[in-house]
4 protein chains.
Amino acid sequence: MLFFRNDYGQGCIEDILNILKDINYENITGYGQDEYCQKAISLIKQQIPDLDVDVHFIVGGTLTNQTIIKHVLKPYEGVIACDTGHIATHETGSIEATGHKVIMLPNNNGKLTSDVIRKCFNDHMLTYEHMVYPKMVYISNATEFGTVYTREELMDLRHICDELGLYLMMDGARLAQALMSPICDYTINDLAKWCDVFYIGGTKNGALMGEAVVITNPEIKPFFRFNLKQNGAMMAKGWLLGVQFIGLFENDNYFKNAKHADELSSHIQDELVRMKYPLYMKSDTNQVFPVVSKKQYEYLSERVDFEIWDQREDMLVIRFATSWCTKKEDVDQLIQYLEQASEL
Amino acid sequence: MLFFRNDYGQGCIEDILNILKDINYENITGYGQDEYCQKAISLIKQQIPDLDVDVHFIVGGTLTNQTIIKHVLKPYEGVIACDTGHIATHETGSIEATGHKVIMLPNNNGKLTSDVIRKCFNDHMLTYEHMVYPKMVYISNATEFGTVYTREELMDLRHICDELGLYLMMDGARLAQALMSPICDYTINDLAKWCDVFYIGGTKNGALMGEAVVITNPEIKPFFRFNLKQNGAMMAKGWLLGVQFIGLFENDNYFKNAKHADELSSHIQDELVRMKYPLYMKSDTNQVFPVVSKKQYEYLSERVDFEIWDQREDMLVIRFATSWCTKKEDVDQLIQYLEQASEL
Amino acid sequence: MLFFRNDYGQGCIEDILNILKDINYENITGYGQDEYCQKAISLIKQQIPDLDVDVHFIVGGTLTNQTIIKHVLKPYEGVIACDTGHIATHETGSIEATGHKVIMLPNNNGKLTSDVIRKCFNDHMLTYEHMVYPKMVYISNATEFGTVYTREELMDLRHICDELGLYLMMDGARLAQALMSPICDYTINDLAKWCDVFYIGGTKNGALMGEAVVITNPEIKPFFRFNLKQNGAMMAKGWLLGVQFIGLFENDNYFKNAKHADELSSHIQDELVRMKYPLYMKSDTNQVFPVVSKKQYEYLSERVDFEIWDQREDMLVIRFATSWCTKKEDVDQLIQYLEQASEL
Amino acid sequence: MLFFRNDYGQGCIEDILNILKDINYENITGYGQDEYCQKAISLIKQQIPDLDVDVHFIVGGTLTNQTIIKHVLKPYEGVIACDTGHIATHETGSIEATGHKVIMLPNNNGKLTSDVIRKCFNDHMLTYEHMVYPKMVYISNATEFGTVYTREELMDLRHICDELGLYLMMDGARLAQALMSPICDYTINDLAKWCDVFYIGGTKNGALMGEAVVITNPEIKPFFRFNLKQNGAMMAKGWLLGVQFIGLFENDNYFKNAKHADELSSHIQDELVRMKYPLYMKSDTNQVFPVVSKKQYEYLSERVDFEIWDQREDMLVIRFATSWCTKKEDVDQLIQYLEQASEL
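Below or above, wherever it landed, is the structure these notes cover. Just so it is clear, the structure is predicted and the values come from calculations on it, not from any experiment.

Looking at the sheet that holds strand 8 (residues 211-215) of chain D
All names here are of chain D. The strand order across the open sheet formed by 7 strands is 2-8-7-6-5-3-4, and the pairing between neighbours is mixed. Looking at which strands have only one partner, the edges of the open sheet turn out to be strand 2 (54-58) and strand 4 (102-105). Pairwise comparison of adjacent strand axes, ignoring direction, gives a mean angle of 25° for this sheet. Of the pairings in the sheet, the one linking strand 6 (residues 167-171) to strand 7 (residues 197-201) comprises 2 bridges and is parallel in character. Paired with methionine 169 across the bridge in strand 7 is valine 197. Against the sheet, helix 10 (residues 239-249) engages strand 2, strand 7 and strand 8, with an angle of about 110° to strand 2.

Overview of the relation of the copies chain A and chain B
When chain A is fitted to chain B, the best match, at an RMSD of 0.0 Å, comes from turning it 180° and sliding it 0.0 Å along the axis. Such values leave the two copies arranged in the relation of a two-fold axis. Of all interface residues in chain A, 100% are interface residues in chain B too; the two copies therefore contact each other through one and the same surface.

Topic: the relation of the copies chain A and chain D
Superposition of chain A onto chain D requires a rotation of 180° combined with a translation of 0.0 Å along the rotation axis, giving an RMSD of 0.0 Å. Looking at the interface residues of chain A, 100% of them are also at the interface in chain D, so both copies use one shared face.

Observations concerning the packing of aromatic side chains
One pass over the structure, following the stated rule, counts 80 aromatic pairs over all chains. Considering the side-chain rings of phenylalanine 226 of chain A and tyrosine 128 of chain C, the 4.8 Å spacing of their centres and the 70° angle between planes classify their relative orientation as edge-to-face. Here phenylalanine 226 of chain A is found in helix 9 (residues 224-230), whereas its partner tyrosine 128 of chain C is found in the loop between helix 5 (114-127) and strand 5 (133-140) on a different chain. Ring centres of phenylalanine 4 of chain B and phenylalanine 320 of chain B lie 6.3 Å apart, and the angle between their planes is 75°; on these two criteria the pair is classed as edge-to-face. In this pair, phenylalanine 4 of chain B is assigned in the loop between strand 1 (2-3) and helix 1 (14-22) and phenylalanine 320 of chain B in strand 13 (residues 315-321), connecting sequence segments 316 residues apart. Per residue, the accessibility class of phenylalanine 4 of chain B equals that of phenylalanine 320 of chain B, and both read buried. Grouped by ring-pair contacts, the aromatic residues Tyr76, Phe121, Tyr128 and Tyr133 of chain A together with Phe223 and Phe226 of chain C constitute a single cluster.

Description of the interface of chain A and chain D
Many descriptions give the size of an interface as the accessible area lost when the pieces come together. Taken residue by residue, the interface counts 44 residues in chain A and 44 residues in chain D. Around 3,700 Å² of area is buried between chain A and chain D when both sides are counted, 57% of it from carbon and sulfur atoms. Across the contact surface, chain A and chain D share 0 salt bridges. Connecting chain A to chain D are 26 residue pairs in polar contact (both at pLDDT 80 or more). Those elements giving two or more residues to the side of chain A that touches chain D turn out to be helix 1 (14-22), helix 3 (61-72), helix 9 and helix 10 (239-249) of chain A. In terms of residue class, the side of chain A that touches chain D is built from 21 nonpolar, 16 polar and 7 charged.

Brief notes about the pattern of salt bridges
Using the criterion set out here, one finds 78 salt bridges over all chains in the structure. Two residues, aspartate 190 of chain A and arginine 151 of chain A, come together in a salt bridge whose shortest N-O distance is 3.1 Å. Note that aspartate 190 of chain A is positioned in helix 8 (residues 188-194) and arginine 151 of chain A in helix 6 (residues 151-164), a separation of 39 residues in sequence. Salt-bridge contacts for lysine 328 of chain D lead to aspartate 332 of chain D; the nearest nitrogen and oxygen are separated by 2.8 Å. Taken together, the residues span about one helical turn, with lysine 328 of chain D and aspartate 332 of chain D both in helix 13 (residues 328-341) at a distance of 4 residues. On the accessibility criterion, lysine 328 of chain D (42% relative accessible area) is partly exposed. Among the charged side chains, a network of salt bridges with common partners joins Arg158, Asp162 and Asp196 of chain A.

Observations concerning the interface of chain A and chain B
Contact with chain A, which involves 17 residues of that partner, is made by 17 residues of chain B. Around 1,400 Å² of area is buried between chain A and chain B when both sides are counted, 55% of it from carbon and sulfur atoms. Counting across the chain A and chain B interface gives 2 salt bridges. Among the ionic pairs, glutamate 96 of chain B bridges to lysine 101 of chain A, the shortest N-O distance being 2.9 Å. Between the two partners, chain A and chain B, sit 10 residue pairs in polar contact (both at pLDDT 80 or more). Classifying every residue of the side of chain A that touches chain B by side-chain character gives 5 nonpolar, 8 polar and 4 charged.

Considerations on the sheet that holds strand 5 (residues 133-140) of chain B
All names here are of chain B. Strand order in this open sheet of 7 strands is 2-8-7-6-5-3-4, and the pairing throughout is mixed. Edge positions in the open sheet fall to strand 2 (54-58) and strand 4 (102-105), since each of these has one partner strand only. On average, each strand axis in the sheet is tilted by 25° relative to the strand beside it, whichever way the strands run. Across 5 bridges, strand 5 lies against strand 6 (residues 167-171) in parallel orientation. Its bridge partner lying in strand 6, valine 137 is registered against leucine 168. Packed onto the sheet, helix 2 (residues 35-46) meets strand 2, strand 7 (197-201) and strand 8 (211-215) and runs at close to 125° relative to strand 2. Helix 5 (residues 114-127) contacts strand 3 (77-82), strand 4 and strand 5 of the sheet and is inclined by roughly 160° relative to strand 5.

Details of the packing of helix 11 (residues 253-274) of chain A against helix 13 (residues 328-341) of chain A
Residues and elements named next belong to chain A. Viewed as axis vectors pointing N to C, helix 11 and helix 13 meet at an angle of 15°, and their least axial separation amounts to 11 Å. The angle between helix 11 and helix 13 falls in the class roughly parallel. Regarding helix 11 and helix 13, the two cross each other, and that crossing is right-handed. On helix 13, the residues touching Leu264, His267, Ile268, Glu271, Leu272 and Arg274 of helix 11 are Lys328, Val331, Leu334, Ile335, Leu338 and Glu339.

Side note on the packing of helix 12 (residues 294-301) of chain A against helix 13 of chain A
Residue and element names in this part refer to chain A. With their axes 10 Å apart at the nearest point, helix 12 and helix 13 run at an angle of 145° to one another. As for how helix 12 packs across helix 13, the hand of that crossing is right-handed. Contacts between helix 12 and helix 13 pair Gln296, Tyr299 and Leu300 from the former with Tyr337, Leu338, Gln340 and Ala341 from the latter. When its residues are assigned to classes, the contact of helix 12 with helix 13 shows 5 nonpolar, 2 polar and no charged.

Considering helix 2 of chain B
Residue and element names in this part refer to chain B. Helix length check: helix 2, at 12 residues, gives a terminal C-alpha distance of 16 Å against a target of 16 Å (1.5 Å per residue), a fit within 8%. Turning to helix 2, its buried residues number three or more, namely Tyr36, Cys37, Ala40, Ile41, Leu43 and Ile44. Projection of helix 2 onto a plane perpendicular to its axis shows the buried side chains occupying an angular sector of 160°, all on one side. With respect to the buried face of helix 2, the exposed residues turned more than 90 degrees away are Glu35 and Gln46. Residues of helix 2 that are buried make contact with strand 2, strand 7, strand 8 and helix 10 (239-249).

Quick word on helix 5 (residues 114-127) of chain D
Residues and elements named next belong to chain D. With 14 residues, helix 5 should reach 20 Å at 1.5 Å per residue; the first-to-last C-alpha distance of 21 Å fits that figure. Along helix 5, the residues that are buried comprise Ser114, Ile117, Cys120, Phe121 and His124. The arc enclosing the buried residues of helix 5, seen along the axis, measures out at 130°, which places them on a common side. Facing away from the buried side of helix 5 by more than 90 degrees, the exposed set consists of Asp115, Lys119 and Leu126. Once helix 5 finishes, tyrosine 128 follows within two positions and takes phi at roughly 45°, a positive value.

About the criteria used
- Residues numbered from 1 in each chain as written.
- Chains lettered and ligands numbered in written order.
- Predicted model: local features only at pLDDT ≥ 70, side-chain atom pairs only at ≥ 80, totals over all residues.
- Heavy atoms only, no water.
- Pairing = 2+ DSSP bridges.
- Helix = DSSP H or I, 4+ residues; strand = E, 2+ residues; numbered from the N terminus.
- Axes fitted to C-alpha atoms, helices over the stretch in contact; angles between N-to-C directions.
- Contact = heavy atoms within 4.5 Å.
- Least-squares fit on C-alpha atoms with pLDDT ≥ 70 in both.
- Phe/Tyr/Trp six-rings, centres within 6.5 Å; stacked < 30°, edge-to-face > 60°.
- Buried < 20%, exposed > 50% of the residue type's maximum accessible area, 1.4 Å probe, protein only.
- Buried area = accessible area lost by both parts, 1.4 Å probe.
- Salt bridge = Lys/Arg side-chain N within 4 Å of Asp/Glu carboxyl O.
- Polar contact = N/O pair within 3.5 Å; in protein donor to acceptor, adjacent residues only side chain to side chain.
- Nonpolar A, V, L, I, M, F, W, Y, C, P; charged D, E, K, R; others polar.
- Parallel < 35°, antiparallel > 145°, perpendicular 65-115°, else oblique.
- Left-handed = near helix turned anticlockwise from the far one by under 90°.
- Expected span 1.5 Å × (residues − 1).
- Arc of directions from axis to C-beta.

So this is what it looks like as structure tokens:
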């Protein structure tokens, strides 16, 4: 069975396993205040030469989104997300559980635009205290549809946030995949200038676990560790998370992993187009979304492990995801299967 | 200046003022455990001969919605409301502040239907624990658009709730106005059978303040007073709320007030149609929503106090509300002004 | 049966009833943005000539404490209260319900002192982010034991708060009774300088309901009305609360009511001492706490309505409360009963 | 520098590292629904032959306490803990952050007793809805002081919980160390009968991370995974946690690790007594608490890494912790240093 189900289905890159083994018997300070976390923070700061940022590590994405948003917003403030945003859909109301409304706006290819944000803000200002105050914009990059924000789009979001006094937060669970996309024309350093806070995902790019939160806005830096602890997001053996990011950034694995995944996906998508499979959405990164018939689905699902994204009358939207771990020969085999299915 | 801004712009019916004056120096038990609250509860129970219900009084609508929903739902459960529902729009995220997601579905004339509820529920079940569990359906009757649920529609909602294991809650801030509507073919006693919990609004029907929560589902009766107290919803002089509902129910003022308001509104709406004003929505109760031009708006706004409901390019949706307190002669004057404006 | 159970057992002073009657049919703006609230705010501001304060009205004490504390604190911050403080005991965890820990410290005659605050703060700083950050000091004045903070004590609290960067909040449910106490040597204007936020209680001093929140610290003024609305603390007919405070402040009733209550209580306490009843705590205001035997309790409880404060083996601590509404002849009768009971 | 600072200062046992390496490239289902978690659950269930339990894995202790308590309690319910309990002290108000009061009662050698629970419950019932409803008892075993509950004490707690209708929850961050203590006369299977829910700590007993929640009360089993997800406690690579507990339970490492730690600590404690160091508390497990002078502290702190537990005028309470990883020769060296310090 070929595995194209997701990008977090295997362990981690060798470098991380090796560090874990090498330092296993060292005596290390707890709660993320150790030298490995310090080293990982330094490596990330090297990516952001132009700014003085704070970096914190959290074990997973939902806990990261929850901790950041709870930290930034006041009780009566809400966060704007598009209707496909992860916090608006598949985190079981974890933001609402902290007391904050997620204000859902229509997506454009999985992205938010300044137009819908402005309209939403103005609508809220009309009745003022009878609605929550929209104070933060949450975007994912790459998006849940595999699309990538362009430099122009991000600067546009930054401008509307500046104009309206909003915080801009970027969920970077698949940030590496966005950065390595052919359409991407910016760096982590650029992102740090545009976002008030963002994170660099490890879990979906070759680490066992871990997201690295980067806070650039000085207003929201203080006391973040109090929120980490209160939210159960401070690990006793916090150095485990530092190790993940040393493994990712020391030898540029963070970028290499994502490039590998993106290239394989791009190849699959090109082949899908060639074979005339409709695409649900043109992806820029490591997820592709073909539309298949029921018969094709049945043929493929016996040979390949993948996700169903959506079901329509007699068609299905399915997702193939590639990762740091996907092998070229598996991609070739997948394409063969698709070729055969295309004739069904 | 004529007043058609809302239905809570004056004090209260004489009967309530008189009771307040009569018992002002009596020594009364605190926190709603007095004989006046008991009497008010009895009067309400007389409206519901077929069921053994619990009744509690809360000072206002937002606090009532918040207290009920917080009491009923578990942390990971959400409440379904239509996108025009009061909890989804104009309560400043008060439900989310208790930790619960409001799942917004498209309205049909201000109402929820079993179709959209079923689709929403099924969608949530697909990813199961990755989304909140939709466990309660919140409806307003009369709706925020002045429309009224029919017996058939309510029984349909009850059936889908039974089928899917959901609680049905009715926001009755304007329940009297719904019950007195010509299209209404059910009673409070019927509603008690269809809803797990609902409330009988006082504030918008002639009381100084107060909503009477009626709990019919035995599962959610216990410990409600703990939540009342924790939410700041238990008044020291709780008898004040009992007095409101004695005043409303002792001489059928509750029904008379609403009938008066509904009839005046109905007359205004008929006249609007006659004068060929477009209606934004055909109302069944004490709010009417004509569409007017900018010029008409300017003419009217100098003579009448009313609300703007929505603004479109060169038209405005405005709202006239009548109440227990609206005078026939003011309605006649309003119609005269409308007649004049219709020629602009 | 004589009534000495509490100070919120009757309606309100005539002035308030009269205003309610006089303005009953006026058309008044909703949600506290009316001219009566404005007038009440002006009257309160006249008491605080030295500062520019914000004033808001909330229907009851628990809702007031909850709304203020939620507004001021960040998620990881806690509020210090003494173990007899109302928020620490009899508000059903309403502060915790907003996500904040109430840090309980031992009381000294119902009061907090700078010593215990300093020790608590230092202890918390030792483990830092592993404990909540103590950021606010909550005191009641008069206290739950009827005692009153002196000028010196309050300035001492202000100093420790300044030194440690803490907010000082005063629960003034019985502030009038404190101000009228013979031992009080300060004014509302002074309190406004010492507290970041406090409130002026109406419910226990002759109003039907209502507490007036006074915010003096400019940092915590913005967006308070958003929290009011979110917490269900914004009444549709908000002018009802304005009316209470016009009634209390227009003719100095606020002060006269409390003076009346304090003097009657003081007289009862003097007589208790003369009759050699032990006192649980020497009160400075309108509550007195004699210790009685079981026999005395039985005799009194057949003739007087009062509260049991504490039960010990064969003694009981009971509480007599006086109010704006207590009659001199009832006090005389109470003293007679006490005289007779003293011989049991 | 000798390391006796804590029991979570190194990586993990070899068995866990080996499994991680062995399965690194396998394709594994996400979110804890994989075969490794299933195998770990089976191994834990083998320890509890008499009951049908549910088992879930969570990455750390604070998140575990928070998730369990939030799952079990209703909004107005509180959890009883002793004043030294971890949730009452060093979790930054994480329980209050979920809306629940932690009711702190005085500890007896770090333990709760039925007497204080009964008194607390009765006190709360007196004012009923004016205080939170105490519904759960939280204990740690081993306690934060290294003491261990006896069979008799636990049965006593079970009885009071049955009598009063309370849930009993055991924080087992150091459960293995308790079970291996010479004074322990019960098994995990026994604990499962006495507790409604408890957890088996991995982090402090040789795993990289992870606590295994065991739910025995059928009432609180349903929908736990919804709360896991909402609280950010569901890891994408959830199998990582399964692997920890396979490593701990497959070859009885869970018991061997703790036995090793307990024996070394016991030896240190015996030697401390022999050398006439006062003990702050007699420990039964892997933490010992000698009292030392400032001079002794200075001498030791240059040679040994340990924690300061409490500071008094000229004495300090310090803590030595042993673990699965502590070497016998390090213990011998520590005793030598203590011998020398004892003469200062």
